[in-house]
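# Coordinate inspection notes
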Amino acid sequence: VIVDAVFASAEERAAIQEISKRAGVSANFLWLDAPADTLQSRVSARIGDASDADAAVVRQQLTYETGPIDWVRVDAGKGPTQTLTAAKSILGI
């Protein structure tokens, strides 16, 4: 299962981790990082996407105080193919 969301607060991250624990499934949690300009460019290029986020939403999200992030960080700034390769390597698949 891929859970795609911001998970900006420690409480949100803890909640999703608790859900997987209660379900009795092993889980890997990845935090995707990319430069702000890359994030804004990507969201602005979306067409027909389920998300209603735009560049203003990205700018707002970048102001969030996330606290410590103990998820494995993945550099998502280079593009989807490189991000997928990095994630698969981390996950051992």
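Scope of this entry: the structure provided in the associated data block. Remember, predicted model here, so these are calculated numbers, not experimental data.

A few words on the packing of aromatic side chains. For any pair of aromatic rings, the description rests on two quantities: the centre-to-centre distance and the angle between the ring planes. Applying the stated criterion to the full structure yields three aromatic pairs. A ring pair is formed by Trp31 and Trp71, whose centres lie 6.3 Å apart and whose planes are at 65 degrees; its orientation type is edge-to-face. Of this pair, Trp31 sits in strand β1 (residues 30-33) while Trp71 sits in the loop between α3 (55-61) and β2 (72-75), and the two are 40 residues apart along the sequence. Across this residue pair, the class does not change: Trp31 and Trp71 are buried. A connected cluster of aromatic rings, assembled from ring pairs, spans Phe7, Phe29, Trp31 and Trp71.

This part takes up unusual backbone geometry. A positive phi angle, near 50 degrees, is found at Phe7, a position not held by glycine. As for its placement among the helices and strands, Phe7 is situated in the segment before α1 (10-23). Assessed through its relative accessible area of 12%, Phe7 is described here as buried.

Calculation notes
- Residue numbers restart at each chain and count upward from 1, following the sequence in its written direction.
- Restriction of local features to residues with pLDDT of at least 70 applies here, the model being predicted, together with a cutoff of 80 or more for giving and counting side-chain atom pairs; totals for whole chains, interfaces and linings are based on all residues.
- Excluding hydrogens and water, the side-chain figures rest on all heavy atoms present in the structure.
- Aromatic pairs are defined between Phe, Tyr and Trp rings, using the six-membered ring for Trp, whenever the two ring centres lie within 6.5 Å; interplanar angles under 30 degrees are classed as stacked, those over 60 as edge-to-face, and all others as tilted.
- Helix and strand assignments follow DSSP, with helices taken as H or I runs no shorter than four residues and strands as E runs no shorter than two, numbered in order from the N terminus.
- Throughout, exposure labels follow a simple rule: accessible area from a 1.4 Å probe, protein chains only, divided by the maximum for the residue type, with under 20% read as buried, over 50% as exposed, and the rest as partly exposed.

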